[in-house]
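Next come the chains, spelled out residue by residue.
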Protein chains: 2
Amino acid sequence: MDAVVEQIRALIADAGLKVGDNLPTERELCTQFNASRNTVREAMRIVKAYGLVDVRPKVGATITDNRLSRAFELFSFNTMEVSRKTFSDVQAFRDLLEVGSADRLLDRLTDRDIEDLYGINNRLAEISDIQEASEVDYDFHTRLISILGNDAIMDVYKVMKPVVLRIMQKGKTRRSYKTETYSEHAGVIDALAARDRLAFQYRLRSHLMIGFRNFSEEMEAVGLTKASA
Amino acid sequence: MDAVVEQIRALIADAGLKVGDNLPTERELCTQFNASRNTVREAMRIVKAYGLVDVRPKVGATITDNRLSRAFELFSFNTMEVSRKTFSDVQAFRDLLEVGSADRLLDRLTDRDIEDLYGINNRLAEISDIQEASEVDYDFHTRLISILGNDAIMDVYKVMKPVVLRIMQKGKTRRSYKTETYSEHAGVIDALAARDRLAFQYRLRSHLMIGFRNFSEEMEAVGLTKASA
DNA sequence: CACCCTATTTGTTGGACCAGAATCCCTAGT
DNA sequence: ACTAGGGATTCTGGTCCAACAAATAGGGTG
């Protein structure tokens, strides 16, 4: 089996396959490697897990390079012992990612982005569940990051999702997301639409700080220095 | 199938299995998940590829934690060069992390940090191997990041290490790290020591750009202009 | 041009057998 | 009677096979 994995790797290397090219079909690989389809499939799953190929029905295995994504995903399996320091580190990280990338963000910003952001934010008005509201909040920030077009940053943001969601949920227990979170987001988008970098950074940073401050007080009040897995 | 992977992960988490414990046998998991053995096996290969379990004949799947080493293995595969988009995304990410955090960096900077950075950089002078020089280069930037005291950022930087090393190696093939890399680093540290934020940002950004530009030319020379999907 | 149909390919199932490691049990020696 | 050794048994992952389900790309038809 490991031999088949090695053969697939060798095939990719020897054939000089580039991103976008396709591997032979599973059944072809069976005859080529003198192995059963199950064995070839198991090997292919490994190669896929390594982020080297993307396999779709009817189309086969296409060469990709998602290795960095996989590497980050490995950390999402983390035991997730969410300490207070983890929260504060993640929040500082978010500030760096979202506020710090303002220049490039404005460079790449399109009208479509602004529409989408308004659309996502409007979903907040029709929600009555904190859990769901946090998801929307997360979607908003993810969509913001996506403007950068940087897969590495997106992957990292996705990995942090569980922690970010917890921060958001805690932050929303003490205030109304329908008014405060909504208007804060709207202010951020308005600044974007006006291409006002300073306003964007100020409002976004304030938004991040407010949520986290509420969350911090919450933690101290309940005495939660550690959370679940 | 992906569902089975998720079920296995959930099983590990919910049962509170620790390293050294064993999962149920494949056949047991079949009945438990209502899936065929082949499907369970494919899922198990993925979990194994993620470094979460170590599976041996007759003994079953034992919980382990090889995730970090797996993350590095992803890139030690010589089957494929890291894609250009991955490189450029990572480099942009580094710029954001290192240059963008200048404010907080200067806030937390201590004399000890500066000493350490000079010390690391001085190691460059006694090195004749590009591989080793890249390690020192990486150590320098890691030490810089460490000033932030942010574990989340440090973890991300560590995961990117293989890619960053490749960028550095490529960048060093065309110039002398003993003179150029060394003096660029020294300039960055000097700016830090003088608490000159603008100089720090300018020099660090230039340093990052130079390495990447050299690398880009290298790739184009070989004809690798294609990006990932 | 839009719609549908078919052939191809991956996804999943159930079964079978093999090799080897762990375990149990029987035997022989003390 | 007790223990150590060795062999038989059993259990488990590893591989293979044949068939069907589901998805979909690509062609054919109106």
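Residues numbered from 1 in each chain as written. Chains lettered and ligands numbered in written order. Predicted model: local features only at pLDDT ≥ 70, side-chain atom pairs only at ≥ 80, totals over all residues. Heavy atoms only, no water.

Caption draft 1: Region of the structure containing the protein's contact with DNA strand D. Around DNA strand D lies a shell of 21 residues, among which Asn38 and Thr39 of chain A together with Arg37, Arg41 and Lys58 of chain B are the nearest. Protein-proximal atoms of DNA strand D, defined as those within 4 Å of the protein, fall in sugar or phosphate at a share of 63%. One of the backbone nitrogen or oxygen atoms of Ser36 of chain A is found 3.0 Å away from a phosphate oxygen of DNA strand D. Between Thr39 of chain A and DNA strand D, the recorded distance is 2.7 Å, taken from a side-chain N or O atom to a phosphate oxygen. Broken down by element, the surface near DNA strand D gets its largest block of residues, four residues, from helix H3 (residues 37-49) of chain B. Looking at the surface near DNA strand D residue by residue, the classes come out as five nonpolar, seven polar and nine charged. (Near = heavy atom within 4 Å. Polar contact = N/O pair within 3.5 Å; in protein donor to acceptor, adjacent residues only side chain to side chain. Helix = DSSP H or I, 4+ residues; strand = E, 2+ residues; numbered from the N terminus. Nonpolar A, V, L, I, M, F, W, Y, C, P; charged D, E, K, R; others polar.)

Caption draft 2: Structural view of the nonpolar core. Formed by 143 residues in total, the largest nonpolar core has its most connected members in Phe93 of chain A together with Phe93 and Met160 of chain B. Each residue touching Phe93 of chain A, except ones within four places of it in the same chain, is listed here: Val156 and Met160 of chain A together with Phe93, Leu97, Asn150, Ala152, Ile153 and Val156 of chain B. (Core = buried A, V, L, I, M, F, W, Y, C linked by side-chain atoms within 4.5 Å. Buried < 20%, exposed > 50% of the residue type's maximum accessible area, 1.4 Å probe, protein only. Contact = heavy atoms within 4.5 Å.)

Caption draft 3: Representation of the side chain of Ser101 of chain B within the structure. Following the sequence through the fold, Ser101 of chain B ends up in the loop between helix H5 (84-100) and helix H6 (102-108). Look at Ser101 of chain B and you get buried, because its relative accessible area is 5%. Among the polar contacts listed, one links the side chain of Ser101 of chain B to the backbone oxygen of Leu97 of chain B, at a separation of 2.6 Å. Dropping the residues within four chain positions of it, Ser101 of chain B is found in contact with Leu96 of chain A together with Leu96 and Leu148 of chain B.

Caption draft 4: Just the domain arrangement of chain A, in detail. When its domains are assigned, chain A resolves into domain 1 (2-65) and domain 2 (71-222). Between the C-alpha centres of domain 1 of chain A and domain 2 of chain A there is a distance of 38 Å. (Domains from an automatic or database assignment.)

Caption draft 5: Highlighting the confidence of the model for chain A. Across chain A, pLDDT averages 88, with 89% of residues at or above 70. A low-confidence stretch, residues 223-229 of chain A (pLDDT under 50), is modelled with 13 contacts involving residues beyond four sequence positions or located in other chains. (pLDDT = per-residue confidence, 0-100.)

Caption draft 6: Up close: helix H11 (residues 177-193) of chain A. Residue and element names in this part refer to chain A. The terminal C-alpha atoms of H11 lie 22 Å apart, and with 17 residues this matches the ideal 24 Å at 1.5 Å per residue to within 8%. Of all the positions in H11, only Tyr177, Thr181, Glu184, His185, Ala186, Gly187, Val188, Ile189, Ala191 and Leu192 are classed as buried. Arg195 sits one or two positions beyond H11 and adopts a positive phi of about 55°. (Expected span 1.5 Å × (residues − 1).)

Caption draft 7: The protein's contact with DNA strand C, seen in detail. Lining the immediate environment of DNA strand C, one finds 20 residues, of which Arg27, Arg37 and Arg41 of chain A together with Asn38 and Thr39 of chain B sit closest. Within the side chain of Asn38 of chain B, one N or O atom sits 2.4 Å away from a base oxygen of DNA strand C. Between Thr39 of chain B and DNA strand C, the recorded distance is 2.7 Å, taken from a side-chain N or O atom to a phosphate oxygen. Listing elements by their share of the surface near DNA strand C, those giving two or more residues are helix H2 (26-33), helix H3 (37-49) and strand E1 (53-56) of chain A together with H3 of chain B. In terms of residue class, the surface near DNA strand C is made up of four nonpolar, six polar and 10 charged.

Caption draft 8: Spotlight on the environment of Glu42 of chain A. Relative to the assigned elements, Glu42 of chain A resides in helix H3. Considering only alpha carbons, one finds Glu42 of chain A and Val4 of chain A, 38 residues apart in sequence, at a separation of 9.1 Å. Residue contacts for Glu42 of chain A: discarding those within four places in its chain leaves Met1 of chain A together with Arg41, Glu42 and Arg45 of chain B. A distance of 2.9 Å separates a polar atom in the side chain of Glu42 of chain A from a polar atom in the side chain of Arg41 of chain B.

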